[in-house]
Amino acid sequence: MNEKAGITYQTGLKAALRHDPDIIMVGEIRDEHTAQFAFNASLTGHLVLSTLHAKDALGTVHRLLEMGIKPSDLQQSLIAVAALELLPINVNDTAVRRAAILELLDGEELENTINGVGYHTMNHFHTFHHLKRKAFAYGFITEETYHHS
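Residues numbered from 1 in each chain as written. Predicted model: local features only at pLDDT ≥ 70, side-chain atom pairs only at ≥ 80, totals over all residues. Heavy atoms only, no water.

## Topic: the overall build of the protein chain
When its secondary structure is counted, the protein chain shows seven helices and four strands. Going residue by residue from the N terminus, the α and β elements of the protein chain occur as α-β-α-β-α-α-β-β-α-α-α. Against the globule reference of 15 Å for 149 residues, the protein chain gives a C-alpha radius of gyration of 19 Å, more extended than a compact globule. In terms of overall dimensions, the protein chain has C-alpha extents of about 55 × 35 × 25 Å along its principal axes. Counting all 149 residues of the protein chain, 34% fall into the buried class. Expressed as a percentage of contacts within the protein chain between residues at least 6 apart in sequence, the contacts between residues at least 24 apart total 49%. A total of about 9800 Å² of accessible surface is found on the protein chain, and carbon and sulfur atoms cover 53% of it. Taken together, the 12 basic and 18 acidic charged side chains of the protein chain have centroids lying 6 Å from each other. (Helix = DSSP H or I, 4+ residues; strand = E, 2+ residues; numbered from the N terminus. Rg over C-alpha atoms; globule rule 2.2 N^0.38 Å. Buried < 20%, exposed > 50% of the residue type's maximum accessible area, 1.4 Å probe, protein only. Contact = heavy atoms within 4.5 Å. Areas by Shrake-Rupley, 256 points an atom, 1.4 Å probe, with all protein chains shown as cover. Lys, Arg positive; Asp, Glu negative; His and termini not counted. Charge placed at Lys NZ, Arg CZ, Asp CG, Glu CD.)

## Overview of the packing of aromatic side chains
Enumeration over the complete set of coordinates arrives at two aromatic pairs. Measuring from centroid to centroid gives 5.5 Å for F136 and Y146, while their planes differ by 5°, and the two rings are stacked. A residue pair is termed long-range when its members are at least 10 positions apart, and F136 in helix α6 (residues 128-137) and Y146 in helix α7 (residues 143-148) qualify at ten residues. Judged by its relative accessible area of 15%, Y146 is buried. Ring geometry for Y138 versus F140: centroids 6.3 Å apart, planes at 45°, classification tilted. (Phe/Tyr/Trp six-rings, centres within 6.5 Å; stacked < 30°, edge-to-face > 60°.)

## Here's the deal with the pairing of strand β4 (residues 94-106)
Judged from the twelve bridges that link them, strand β3 (residues 80-91) and β4 form a sheet pairing that is antiparallel. Bridging across to β4, V91 finds its partner in T94. The antiparallel pairing of β3 with β4 creates a hairpin that spans two residues between the two strands, and N92 there sits at a positive phi of about 55°. (Pairing = 2+ DSSP bridges.)

## Topic: unusual backbone geometry
For residues besides glycine, phi is generally negative; the peptide bonds are generally trans as well. The phi torsion at D20 lies on the positive side, around 50°, for a residue other than glycine. Mapped onto the secondary structure, D20 falls in the loop between α1 (9-18) and β1 (23-26). The exposure class of D20 is exposed, given its relative accessible area of 57%.

## Let's talk about the packing of α1 against helix α2 (residues 32-43)
It is the contact of α1 with α2, at a shortest axis distance of 10 Å, that shows an interaxial angle of 10°. Classed by the angle they form, the pair α1 and α2 counts as roughly parallel. Each of Y9, Q10, L13, K14 and L17 in α1 lies in contact with α2, whose residues at this interface are H33, T34, F37 and A41. Residues belonging to the contact of α1 with α2 are distributed by class as follows: five nonpolar, three polar and one charged. (Axes fitted to C-alpha atoms, helices over the stretch in contact; angles between N-to-C directions. Parallel < 35°, antiparallel > 145°, perpendicular 65-115°, else oblique. Nonpolar A, V, L, I, M, F, W, Y, C, P; charged D, E, K, R; others polar.)

As structure tokens, then:
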């Protein structure tokens, strides 16, 4: 990017659309303009993959709404939201590696989140808290990691 020369992130994204790609990878959605571009591209039939900083999968949907994406656009375009968290894994009381836990919000749970229905209708959605509790019960993480990560 070279903003002095008029080459901004948004102009680069628009130029990418001129090549009619099947898939567009947006490195990170940081602002309203990028979010709107990503959803406009998806509404024209492109598969758009991206990252966004949020606390969890539900937070991702809320961030997109705060960025001005309409619930109807989310319903039309958003296929799934995956959120990852890395946890230190213990072997013989020593943290030897890290492993990812995954929240996957899709289908009916995603629809309910967009519509603001809430947790009580989520039968298959496993939160980070639930996954950490399970990892602690199996002895993969310490109690400190369970309570503080």
